[in-house]
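# Summary of the model geometry
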Amino acid sequence: MQPTARIGIDVGGTFTDGVVVKDGRLNVAKVRSTPQDIASGILACCAKLGVDFRTAEMFIHGTTIGTNAIIERNGPPLAHVTTAGFRDILYIRRGDSEPYNLHWQTPTPIVRRRDIFEVPERLAWDGAVLTPLDEAAARRIARIIQEKGYEAVSVTFLHSYANPSHEQRMQEILQEILAETGADIDICLSSEVLPHYREFERSSTTAVNAYLIPIVRRYLSALSSAAAKRGFEHDLLVMQSSGGVMTAAEAARMPARTVRSGPAGGAIAAAALAQQMGLQHAILVDMGGTSTDVSVLIDAETRSTQELEFSWGIPIRFPSIDILSVGAGGGSVAWVDAGRFLKVGPRSAGAFPGPACYGQGGTEPTTTDAQVVLGRLNPQRLLGGGIQIRPELAEEAVRRAVATPLGIDTVAAAVGTLRVNTNNMMQAVRLMTVNRGIDPRDSCLIAFGGSGPLYAAEVARLLSIPRVVIPFYSGVMSALGTVLADHQYDKSATLLLRESEIEYDAIEQLFRSFEAELNQRLTNADIAAEQRVIERFLDIRYDGQGYELPIPLPRGTYHDVAVPIPRRAFDQETFVLAKHKFHALHKREFGWQDQNWPLELVFARVSATGRVTGKPLLLAPTDTGSGAGATIGSRACYFLDYEEPCVTPVLDRTLLRPGEQFDGPAIVEQMDATTLVPPGFSARVDEWSNLVLSQGES
């Protein structure tokens, strides 16, 4: 059979979403996640999609397995080897905690202190050897690691980014000792994982990577084998936090790059939609069952960051889409604290037992239960009829855990729960916009995820955002993003050079060595030469600053189509252009610049992108024409600003046609999501079948 299908899967905390693109058509599915056996949930989603793996040319997925392992600290014990005197780097962390919170508890590090070992050795900042590696001590530690049966080891020596020889020798000693018993232990060197200065960030990233390798490798191996048994003949691909994909082999080697792969997929799909619509600025709100992820588009592109702080004290210094996550989802639990204040989240009921209304033994009220109490969700048609809702269980949970402790009725308790959750989402949007000098009133809000369309209008009202876009495939956008993503790989090194110290030829050779390695990775991923884009970056700062800004260097044409390396060499003229870009970006980000202040080059980076061809357009499978038959009924529904219920029309979104308009209140239902159009909002279906909500317009 000729491979034609592309499969995209996103595993969330509550649901596993899937899309399959074949013959230009897009089919979607959503099933309950299976936290105890993630692969079985993925295969169940593929079965619901009707996937024939023998005809699949691409199988991509975003995974939460690394995320969950860090949150739950359920990975195997990890050994960490570091320079003598620096045992507590992972415990001291950075001084950016909550200094005024006397009750704040520091999160548990992923490495127990008893599993951190010190080796006498010391390098200077420039790589000069101050104290040679004590090989006798290294061997003693290697034997301890062998005897205790660790599954992974991370090695981070001071200043190894400038000279990796001590780390490399430590690895050789470990391999030699472990070979005596045939032990198979993964070893991560910071000089390979992240050759950057700043020892805490390098230590944290390397430790996270080593911690996840055994878990992710086993999981990806099992999933790849299951797909191969069903006839899939290609490499499994995995979504990265940066918004690109990489092969399963790369993901097993660098699993720390995947910890935010799900939200990244949603951002990629929403960005593609915004570009298709011609939107320059947009706020992306992805609300699922467990969390809400907020990001922004500036000039039609997602914002990136070079460091992801997954949770306090665990930074992961890899490129990532700049996304803020808060514990506000459909499964977020509502509770009353000791001061009789209503709280929502961050704890979630997850896939099992899930909200009380699912009837799986859950007894705590969630935001989904509050939605059911207020008549916003259809008990018979949730998930296309795949989940039967029991309203009486939702009412009982909200009454017992919220209404009774607060001395109010059940409806008021449900309204309060949704107001708190909406406010949590609004505050997350403010942090990503207002707090960064971005006026949300100048943007469009694109809301997606299984729960996002229920809250989008109210969030927009609170922030005076004039327009809301609900994509047709809103409930499966993260899965859709996987089939829209390109291959991405990057390589970087520490420079720490003042302007007067720049050696242009040496930096050019460094860039070329990175480009050769990344081109080989793209070759291994079967990316055609004409589909490759190579970009160079310098991370620059004013001399004396603590943090830097990434500056793209000018790209020329290529030396040769078969080996696409930028023709423009790094020279003084190129650096002058980079300086101008840095001053302009610094002015935009921080409000000031000083063109007379000397600069410092901190990092050199190369990014390699392999463009994926034949991406689907984000169009719904509908025809133009009358949508008069879209109204399928009505029901009483409560809105947050109204004390009495409104008789609200219910519309089937698959029956709506481009060009149709209607005013709120209305409930628009589809298999993967429900959209709420409150009073005071109007809605229209645009040419791409998106539902566009506007405030105060008819």
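Residues numbered from 1 in each chain as written. Predicted model: local features only at pLDDT ≥ 70, side-chain atom pairs only at ≥ 80, totals over all residues. Heavy atoms only, no water.

## Remarks on the sheet that holds strand E5 (residues 78-83)
Read from one edge of the open sheet, 4 strands run E6-E5-E9-E10, paired in parallel fashion. Since the sheet does not close on itself, it has two edges, and those belong to strand E6 (116-119) and strand E10 (186-189), each with one partner. The average undirected angle you get between the axes of adjacent strands in this sheet is 20°. In this structure, E5 lies alongside E6, joined through 4 bridges in parallel fashion. Directly across from valine 81, in E6, lies its bridge partner phenylalanine 117. Those strands touched by helix H4 (residues 135-148) are E5, E6 and strand E9 (152-156), and its axis lies near 160° from that of E6. Across the face of the sheet, helix H5 (residues 165-179) comes into contact with E5, E6, E9 and E10 while running at roughly 170° to E10. (Pairing = 2+ DSSP bridges. Helix = DSSP H or I, 4+ residues; strand = E, 2+ residues; numbered from the N terminus. Axes fitted to C-alpha atoms, helices over the stretch in contact; angles between N-to-C directions. Contact = heavy atoms within 4.5 Å.)

## Here we look at the environment of cysteine 46
Inspection of the secondary structure assignment puts cysteine 46 in helix H1 (residues 38-49). If near-sequence neighbours (up to four positions away) are discounted, cysteine 46 is found in contact with Ile7, Ile9, Val51, Phe53 and Phe59.

## Section: the confidence of the model for the chain
On average, residues of the chain carry a pLDDT of 89, and 94% of them reach 70 or more. Note on residues 557-562: pLDDT under 50 across the span, and 17 contacts to partners over four residues away in sequence or across chains. (pLDDT = per-residue confidence, 0-100.)

## Digging into the packing of helix H11 (residues 391-406) against helix H12 (residues 410-432)
The relative placement of two packed helices comes down to the angle between their axes together with the axis-to-axis distance. Two numbers describe how H11 lies on H12: the axes approach to 9 Å, and their chain directions differ by 80°. The orientation of H11 relative to H12 falls into the category roughly perpendicular. Across the interface between the two elements, Glu395, Val398, Arg399, Val402 and Ala403 from H11 touch Thr410, Ala413, Ala414 and Thr417 from H12. Taken together, the residues of the contact of H11 with H12 break down into 5 nonpolar, 2 polar and 2 charged. (Parallel < 35°, antiparallel > 145°, perpendicular 65-115°, else oblique. Nonpolar A, V, L, I, M, F, W, Y, C, P; charged D, E, K, R; others polar.)

## Structural notes on the nonpolar core
Ile7, Ile9, Ile42, Phe53, Phe59, Leu538 and Phe570 are the most contacted members of the largest nonpolar core, which totals 86 residues. Ranked by residues supplied to this core, first place goes to helix H7 (residues 199-229) with 14 residues. Residue contacts for phenylalanine 53: discarding those within four places in its chain leaves Ile7, Leu43, Cys46, Phe59, Ala227, Arg230, Gly231 and Phe232. Listed in part, the 67 residues of the second largest apolar core include Met287, Ile470, Ile667 and Val668. (Core = buried A, V, L, I, M, F, W, Y, C linked by side-chain atoms within 4.5 Å. Buried < 20%, exposed > 50% of the residue type's maximum accessible area, 1.4 Å probe, protein only.)

## A closer look at the packing of aromatic side chains
Scanning all chains against the criterion turns up 11 aromatic pairs. Between tyrosine 504 and phenylalanine 570 the ring centres are 5.4 Å apart and the planes differ by 40°, which places this aromatic pair in the tilted class. Note that tyrosine 504 is positioned in helix H15 (residues 504-524) and phenylalanine 570 in the loop between strand E29 (563-566) and helix H16 (572-590), a separation of 66 residues in sequence. Classification of phenylalanine 570 as buried rests on a relative accessible area of 2%. Between tyrosine 542 and tryptophan 592 the ring centres are 5.4 Å apart and the planes differ by 15°, which places this aromatic pair in the stacked class. With tyrosine 542 in strand E26 (residues 532-542) and tryptophan 592 in the loop between H16 and strand E30 (599-610), this pair connects stretches of sequence that are 50 residues apart. For tyrosine 542, a relative accessible area of 1% translates into the label buried. For tryptophan 592, a relative accessible area of 41% gives the class partly exposed. The ring centre of phenylalanine 318 lies 4.1 Å from the NZ or CZ of arginine 257, which sits over that ring. In this structure, arginine 605 is placed above the aromatic ring of phenylalanine 537, and the distance from its NZ or CZ to the ring centre is 4.8 Å. (Phe/Tyr/Trp six-rings, centres within 6.5 Å; stacked < 30°, edge-to-face > 60°. Lys NZ or Arg CZ within 6 Å of the ring centre and 35° of its normal.)

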